[in-house]
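Structural features, examined
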Amino acid sequence: MKPHRCIVPVLASLLFCAALAQALAPPTPPRPLWIANPKSDDSAFIYRIGQASAQPSPETARAAAFQNALETLAREILTTLEIEGDQAALSARVKIQGAEILSQAVHVEQTPQGYSCWVQVAYPRSERNKVVEDIANGRELDSQWDAAQAAFARGDFHAAEEGLRGILEKPGSREYISFDLDAAKKMLADSYRAQKNYLEARHWYDNLAQLSESGAVRSQAQEEIAALPPPPIMWALKDRWKGRSVGLVCARRSGGAYEAFGALARVLRQESQQAEVKSADLTGKLDPAALAELFEVEDLSVLDPALQESGSGVVLAVLYDVDPAKSAEPGAIDTVVQYLVMDAARHQVVDRGQFKEMTGTQSADRMAVRCADILVRRYLAPRTPALE
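The structure contained in this document is the topic of the report that follows. (Residues numbered from 1 in each chain as written. Predicted model: local features only at pLDDT ≥ 70, side-chain atom pairs only at ≥ 80, totals over all residues. Heavy atoms only, no water.)

Okay, the sheet that holds strand 3 (residues 114–124) next. Spatially, three strands are ordered 1-3-2 in an open sheet, and the strand pairing comes out antiparallel. The two strands at the open ends of the sheet, each matched to only one other strand, are strand 1 (45–55) and strand 2 (100–111). Shown here is a sheet whose adjacent strand axes are inclined to one another by a mean of 15°, direction ignored. Its contacts with the sheet place helix 5 (residues 125–153) against strand 1 and strand 3, and it is angled at close to 85° to strand 3. (Pairing = 2+ DSSP bridges. Helix = DSSP H or I, 4+ residues; strand = E, 2+ residues; numbered from the N terminus. Axes fitted to C-alpha atoms, helices over the stretch in contact; angles between N-to-C directions. Contact = heavy atoms within 4.5 Å.)

Structure (C-alpha cells):
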C-alpha cells in the first residue's frame, strides 16, 4: 500500500521546523581550556577537575561535580597509601576538608539529557597531609588491635593490656580505625579482671558505663561492675579529682586552740592509698593561727607554701570540732565536722559542708575511722563535683 499523499508535505514541514529550530538555537559555548588543561599542582594546593552530567538543574550539576572532585581526591589518597579493598566504600570514609571551587572555574552545559557541569577544585596540601597522617595512624591502631585480640585469645592478658593501653593512650585521630573503641575498652577491663587488678578493671567498666553511646554496652558494663569486689571508699574520687595528688589538712579543736588530728590523717591516707590516690599530710606545715584562718575565714593563702612544697593538686581540709561542755552528757551530739575541698590549680573551694557527730569518751583512733567513713561515703563520694 502506498502512503497517503498528504503525509509527505507534513513530514517535510516537521523536518524543516526542526532544522530551523536547531539553526536558531543559541550555540553551545565552547568549553574553557582549563577542563582539558587543568592547573598544575603547586607547593600549596592540589588541583582537580570534577564533572557531572544528566542533572536536573545547574545547581545540582555544580554540587555533583564538586562531589566528584572530592571523590577523586579521596581515591588518590588511598592509592598513595596502597590501601586495598572496595575503593568506593573506602573513599566515602575519607573526609576531604578545605577544598574549594576556584573562581571562574565552573562550566555548565544544557543537553537533552539534563545539565552537565565541570568544576576545578583546589585542595590544600596541608589538609591532604593531615588526612594521610590520620589514615596511617588508623592503620597502625588496627594492627595493634589485631595483636591485642590475639594476645587476649591465647590468655596472655598482660600483653593484651599493654597493647590496648597503647591504643587508648596513643595521641592523634581515631577517625579511620576499623574497630569499635568500646570493644577495646571492654577487652582492657576484662584483661585487668583476669589479672585480678579489680581497681583498674572497675575504672574501664566505669568508663563504658558512663560514656558509651550504646545502651547495651552501658548495661553490660554495669553488670560487670556489680560482679567485682567492693571498691575502696575513695575510689569514686580518683577520676573526679583527675588523678591529682591530695594534700590533707586534718585538725582538731576541743574548746581551745587548733591542733593536728594525726589519727584522721592516717586513716584518710590509708584510704587514699587503697584507691590509688596519692596523698600527703600538710597539717604539720600549718601553725594553729594558720589553721584558724583556713577554717574560720577560708583564707586559702595559708596553704600556698605547703602546696608549693608538696605539689598537691587537691586539698581536703577537715576540722573535728568538739564541744567539751557537751561531751560529759551521755549520748549528746558534741561534735561538728567541717570540711573543705579545694582545687589547688584554681585556688578555689569546690565543695564545703559539715555534719554532726557524737564523740563523748571514745578514743581518737576510733572516731577517726568513723569520721573518715562518714565523710567519704556520705558527703565526698556522692556530692563533690569533678574538677575542671
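Turning to the packing of aromatic side chains, a few remarks are in order. Counted under the stated rule, the structure contains seven aromatic pairs. Taking the ring centre of Phe-261 as reference, the NZ or CZ of Arg-252 above it sits at 5.4 Å. (Phe/Tyr/Trp six-rings, centres within 6.5 Å; stacked < 30°, edge-to-face > 60°. Lys NZ or Arg CZ within 6 Å of the ring centre and 35° of its normal.)

Residue placement: Val-277 occurs in the loop between helix 11 (262–274) and strand 6 (279–281). Among all residues touching Val-277, those that are not within four sequence positions of it are Lys-238, Arg-244, Val-246 and Ser-272.

What the largest pocket holds in volume is close to 240 Å³. Around the largest pocket sit Arg-202, His-203, Asp-206, Asn-207, Gln-210, Leu-211, Trp-235, Ala-236 and Asp-239, which together line it. Counting residues per element, the ones that place at least two in the lining of the largest pocket are helix 8 (198–211) and helix 10 (235–240). Take the lining of the largest pocket: its biggest share by element is six residues, from helix 8. Class assignment for the residues of the lining of the largest pocket results in three nonpolar, three polar and three charged. (1 Å grid on protein atoms, 1.4 Å probe; cavity = no way out; pocket = protein on both sides within 12 Å on 5 of 7 lines; lining within 4 Å. Points joined across faces, edges and corners; volume = space filled by probe spheres on them. Nonpolar A, V, L, I, M, F, W, Y, C, P; charged D, E, K, R; others polar.)

Right, let's talk about the nonpolar core for a bit. Grouped together as the largest cluster of nonpolar side chains are 36 residues, with contacts concentrated most on Trp-241, Leu-264, Leu-268, Leu-316, Val-318 and Leu-380. Mapped onto this core, the elements with two or more residues apiece are helix 10, strand 4 (246–254), helix 11, strand 7 (314–322), strand 8 (335–343) and helix 15 (364–383). With nine residues, helix 15 is the largest single contributor of residues to this core. Excluding residues within four positions of it along the chain, Leu-264 makes contact with Cys-250, Val-318, Ala-368, Cys-371 and Ala-372. (Core = buried A, V, L, I, M, F, W, Y, C linked by side-chain atoms within 4.5 Å. Buried < 20%, exposed > 50% of the residue type's maximum accessible area, 1.4 Å probe, protein only.)

Quick look at the side chain of Asn-137 now. For Asn-137, the position within the fold is in helix 5. The contact partners of Asn-137, leaving out residues within four places of it in the chain, are Lys-170, Pro-171, Gly-172 and Ser-173.

With that settled, consider the packing of helix 3 (residues 58–80) against helix 5. It is at 11 Å that the axes of helix 3 and helix 5 come closest, and there the two elements cross at 50°. In terms of orientation, helix 3 lies oblique with respect to helix 5. For the pair helix 3 and helix 5, the sense of crossing is right-handed. Residues Glu-76, Ile-77 and Thr-80 of helix 3 lie in contact with helix 5, whose contacting residues are Arg-128, Val-131, Val-132 and Ile-135. The class makeup of the residues in the contact of helix 3 with helix 5 is four nonpolar, one polar and two charged. (Parallel < 35°, antiparallel > 145°, perpendicular 65-115°, else oblique. Left-handed = near helix turned anticlockwise from the far one by under 90°.)

Our focus in this paragraph is the pairing of strand 9 (residues 348–357). The pairing of strand 8 with strand 9 spans nine bridges and is antiparallel. Bridging from a neighbouring strand, Leu-340 pairs with Arg-352 of strand 9.

Helix length check: helix 9 (residues 215–227), at 13 residues, gives a terminal C-alpha distance of 19 Å against a target of 18 Å (1.5 Å per residue), a fit within 8%. Of the residues making up helix 9, those classed as buried are Ala-221, Glu-224 and Ile-225. The arc that holds the buried residues of helix 9, viewed along the axis, is 100°, so those residues lie on one side. Exposed residues on helix 9 whose side chains face more than 90 degrees from its buried face are Ala-216, Glu-223, Ala-226 and Ala-227. Contacts from the buried residues of helix 9 go to helix 7 (181–194) and helix 8. (Expected span 1.5 Å × (residues − 1). Arc of directions from axis to C-beta.)

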